[in-house]
Amino acid sequence: MLSTARSTETVIEAKDLSVGYEGIPVLTGINFTVASGEVFVIGGGSGCGKSTLMKAMITLLPPIDGTLRIAGHELVTGGEAVVESVRHSIGVMYQGGALFGGLTVLENVRLAMEENGLYTMSEMNSLALSLLAMVDLDEHCNKMPSALSGGMQKRAAVARALAMNPKIVFLDEPSAGLDPISSAEFDQMVVRLARSTGRTFVVVTHELPSIFTIADRMVVLGGENKTQLAIGTPKELLESGPTDVRRFLARQPEDQTLQGAAS
Amino acid sequence: MSPDMESTTGTTVIALEGALDDGRVRDAWEDLVGRARAAGSGSVVVDASKLQTVSGSGLLLLAEIRRTVVWAGGKIEMRGLTADQASLVERAVGHKPPTARVKDSTFVSDVGETAFRLLHELADTVRFIGEAAIDLVHAIGHPRSLRWRDLLRVMGQSGIDSMPVTCMLSGIVGFIIAYQMMPALDRYGAADQTPTIMGFAIIRELGPLVTAIILAGRSGSAFAAEIGTMKVTEEVNALTTMGLNPERYLVTPRVLAVAITTPLLSVFASFAGVLGGWLPMAARGMSLELYLQNVRSSIDQVDFLQGVFKAFVFAVVIGGIGCRSGLKTQVGPGAVGASTTRAVVAGIVAIIVLDGVLVGLFHTLGI
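Residues numbered from 1 in each chain as written. Chains lettered and ligands numbered in written order. Predicted model: local features only at pLDDT ≥ 70, side-chain atom pairs only at ≥ 80, totals over all residues.

### Here we look at the overall build of chain B
Helices and strands together make up the secondary structure of chain B, namely 12 helices and 4 strands. Against the globule reference of 21 Å for 367 residues, chain B gives a C-alpha radius of gyration of 35 Å, more extended than a compact globule. Along the first, second and third principal axes, the C-alpha atoms of chain B reach 105 × 60 × 40 Å. When the 367 residues of chain B are sorted by exposure, 36% land in the buried category. (Helix = DSSP H or I, 4+ residues; strand = E, 2+ residues; numbered from the N terminus. Rg over C-alpha atoms; globule rule 2.2 N^0.38 Å. Buried ≥ 20, exposed ≤ 12 C-beta atoms within 10 Å, placed from the backbone.)

### Describing the overall build of chain A
Along its length, chain A carries 9 helices and 10 strands. The C-alpha radius of gyration of chain A comes to 18 Å, within 12% of the 18 Å expected for a compact globule of 263 residues. Principal-axis analysis of the C-alpha atoms gives chain A an extent of 60 × 45 × 35 Å. A separation of at least 24 residues holds for 62% of the contacts in chain A among residues at least 6 apart in sequence. (Contact = placed C-beta atoms within 7 Å.)

### What about the pairing of strand E2 (residues 11–20) of chain B?
Residue and element names in this part refer to chain B. Looking at chain direction, E2 and strand E3 (residues 43–54) are connected through 9 bridges and run parallel. Of the residues in E3, the one forming a bridge with leucine 20 is valine 54. Following the chain from E2 across helix H1 (residues 22–38) to the adjacent parallel E3, one finds a crossover that is right-handed. (Pairing = 2+ DSSP bridges. Right-handed = clockwise from strand over helix to strand, strands pointing away.)

### Considering the domain arrangement of chain B
Split into domains, chain B comes out as domain 1 (4–91) and domain 2 (128–365). Relative to domain 2 of chain B, the C-alpha centre of domain 1 of chain B lies at a distance of 68 Å. (Domains from an automatic or database assignment.)

### Here's the deal with the interface of chain B and chain A
Contacts between the two partners involve 10 residues from chain B, matched on the other side by 14 residues from chain A. Residues belonging to the side of chain B that touches chain A are distributed by class as follows: 3 nonpolar, 5 polar and 2 charged. (Nonpolar A, V, L, I, M, F, W, Y, C, P; charged D, E, K, R; others polar.)

### Notes on the domain arrangement of chain A
All names here are of chain A. Once the domains are mapped, chain A shows domain 1 (10–89 + 167–250) and domain 2 (101–165). Here the C-alpha centre of domain 2 lies 25 Å away from the C-alpha centre of domain 1. Between domain 1 and domain 2, the residue contacts involve 9 residues of the former and 9 residues of the latter. At 4 residues, the largest contribution of residues to the side of domain 1 that touches domain 2 is made by helix H6 (residues 180–197). Looking at the side of domain 1 that touches domain 2 residue by residue, the class counts come to 6 nonpolar, 3 polar and no charged.

### Some words on the environment of Tyr249(B)
All names here are of chain B. With respect to the helices, strands and loops of the structure, tyrosine 249 is situated in helix H9 (residues 246–283). For the pair tyrosine 249 and aspartate 135, spaced 114 residues apart in the sequence, the C-alpha separation amounts to 10.0 Å. For tyrosine 249, the contacting residues outside a window of four places in its chain are Arg147, Leu239 and Leu244.

### Here we look at the pairing of E3(B)
All names here are of chain B. Strand direction decides the pairing type here: E3 and strand E4 (residues 75–79), joined by 5 bridges, are parallel. In the strand pairing of E4, aspartate 47 is matched with arginine 79. As for the winding sense of the linkage, the β-α-β connection from E3 through helix H2 (residues 56–71) to E4 is right-handed.

### Quick look at the packing of helix H6 (residues 163–187) of chain B against helix H7 (residues 194–232) of chain B
Residue and element names in this part refer to chain B. Here H6 crosses H7 at 145°, and the two axes come no closer than 10 Å. Judged by the twist between their axes, the crossing of H6 over H7 is right-handed. Along its contact with H6, which presents Val165, Thr166, Leu169, Ser170, Val173, Gly174, Ile177, Ala178, Met181, Met182 and Leu185, the element H7 presents Thr194, Ile197, Met198, Ala201, Ile202, Leu206, Gly207, Val210, Thr211 and Ile214. For the contact of H6 with H7, the per-class residue count stands at 15 nonpolar, 6 polar and no charged. (Axes fitted to C-alpha atoms, helices over the stretch in contact; angles between N-to-C directions. Left-handed = near helix turned anticlockwise from the far one by under 90°.)

### Points about the environment of Asp186(B)
Take Asp186(B): it is sitting in helix H6. Under the C-beta neighbour-count criterion, Asp186(B) is labelled exposed, with 11 such atoms within 10 Å.

### Details of H6(B)
Three- or four-residue spacings in an α-helix give side chains the same orientation, since the helix completes a turn every 3.6 residues. Residue and element names in this part refer to chain B. With 25 residues, H6 extends 37 Å from end C-alpha to end C-alpha; this agrees with the ideal 36 Å at 1.5 Å per step. Of all the bends in H6, the greatest reaches close to 30° and is centred on methionine 181; the proline proline 183 follows between one and four positions later. Along H6, the positions that sit buried rather than exposed are Thr166, Cys167, Ser170, Gly171, Val173, Gly174, Ile177 and Ala178. Those residues of H6 that are buried lie in contact with H7 and H9. (Expected span 1.5 Å × (residues − 1). Bend = angle between axes of the 7 residues up to and from the residue.)

### Focus: the packing of H7(B) against helix H10 (residues 288–298) of chain B
All names here are of chain B. Two numbers describe how H7 lies on H10: the axes approach to 8 Å, and their chain directions differ by 55°. Put simply, H7 runs oblique to H10. In this structure, H7 meets H10 at a crossing whose hand is right-handed. Of the residues in H10, those in contact with Pro195, Thr196, Met198, Gly199 and Phe200 of H7 are Tyr291, Asn294, Val295 and Ser298. When grouped by side-chain class, the residues that make up the contact of H7 with H10 number 5 nonpolar, 4 polar and no charged. (Parallel < 35°, antiparallel > 145°, perpendicular 65-115°, else oblique.)

### Focus: the confidence of the model for chain A
As a general rule, the predicted coordinates of low-pLDDT regions are not to be interpreted in detail. Here chain A averages 89 in pLDDT, and 94% of its residues register 70 or above. Taken as a whole, residues 1–5 of chain A scores under 50 in pLDDT and shows 9 contacts with residues more than four places along the chain or in a different chain. (pLDDT = per-residue confidence, 0-100.)

### Observations concerning unusual backbone geometry
Unlike most non-glycine residues, Asp136(A) shows phi in positive territory, near 60°. Notably, Glu234(B) is not glycine yet its phi reads approximately 70°, a positive angle. In this fold, Glu234(B) is placed in the loop between H7 and helix H8 (235–241).

### What about the confidence of the model for chain B?
Taken over all residues, the pLDDT of chain B has a mean of 89, while the share at 70 or more is 95%. Among the prediction metrics, the complex's ipTM stands at 0.88, with pTM recorded as 0.80.

### Quick word on H7(B)
Along H7(B), the largest kink reaches about 50° and is centred on Ile202(B). Among the 39 residues that make up H7(B), 29 are buried, leaving the element largely enclosed by the rest of the structure.

This is the structure we're talking about:
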């Protein structure tokens, strides 16, 4: 696990945040901050609102109330210009990779750079290849996404997410659909990237092995009212978190007696 | 199995014995559930201690008895079940009785809501096509911003690939019209006017219309399916969060491609339609040269440009509708199919309505 609090700079701040659809809150009372360089996990059971919270953080869903500051930009009261600024500060890996099927892996990684127009073609190719090498995919750069396995597509999507040098990288359910070995390799890659690049990673997952491998800190969502149940390191929460959170992290349903904290 | 019931102490006892298998369950269901219902909010004891076997449907029957008593406010005790069976039966009761769906709409409100929704859809579609047209003008002014690869790919698909089927259909339509029209014209001794009418009808009207219908079926549906699939697989979201405008990135190359190819395709389709109309005339001995001369003399540049202009307008509208349908794709297994169907139906309805509007407009303007 990474050491906590790599920097005092806060890159994400949520305060009394409510998020939902068409003005109807799905999650309320969200309060947390994420420091620069942290690997922060948003966890909780299925249907607890993890993806809704992430959608709000990556500007796909306008927050309803409270404060949501991403890389210094306040999204609740900010307009379209703020949304654009946030989009230039983040990179996102979607659950299925969401690579563009008509482009090669290299072209996928190069795409945002092309639109930005800051680099020459050879510079972009060089940068994209370096990013693909970081995720062990440089040898597959000229393949179409359909020729890659699910895990490789996700790694390519991480390379694409890093392409515009974002402050924060969001990963949506990275372990979904991966076998245990690929999932563990992916977790190791996330830790390696976080350590080597110093970027902040926000990971939405309910996979316990991933949580305990990658998370510096985590927020657990859930409860009848769908809110924030607890925040802390996974170890802290497993040992001394609220009962629901300990049950979640110990993988113990309600009709089983909660055992003592496991490490 | 022998259901037994006692009500002397105010407690209904249902004693079960033997095998509660599928056949017995079917026979006993109405009777046992009816007795549980008759107990109202009283107490019911189900004694299963003498049951030898219980099938899956038997457990469902026990669950139904339990549910009936609990939801009526009564008390129930189940004896003789294993712990796992008792747990399963207890879980099957659920938390609360289902509430009946209350239909709070009337026929009038349904019609009103549908009309309002359709008007909203229409306004949104017009806005989307307007924005697509503005993006088109912007792209023409800034060619470097265009996705040339997409543009050329769609031009190939909507132009070259569509050419054979469009020309074939237009030729057949031309043949049918000429063939059907000749007997009527014969009555007035005006069969030799067929080339004149054909030139007018095909070049101003049917050439662009047939091209547009093929376009709606091939390209409109393809745009909706492609973009709809991208929506489902979150590729559209990926574009958005990368700071790329999905409408400009996905819509502009597609609409521009069909806006370029459709007028050209319409010219070929019109020519094929005119040639198709010659076949019945050829059977009467008219040479192709004379036929084409007659067609040529019946139309002028304005007629030709009218047809080309119509094809251009149809292309922008069909391309816009197809792309919008794709971007509006919802979630679920049938979502992309629904978007594709909507794109084709809305596209064909739109071009026929629009054709009527353009005919009226040209007539009013005297062209």
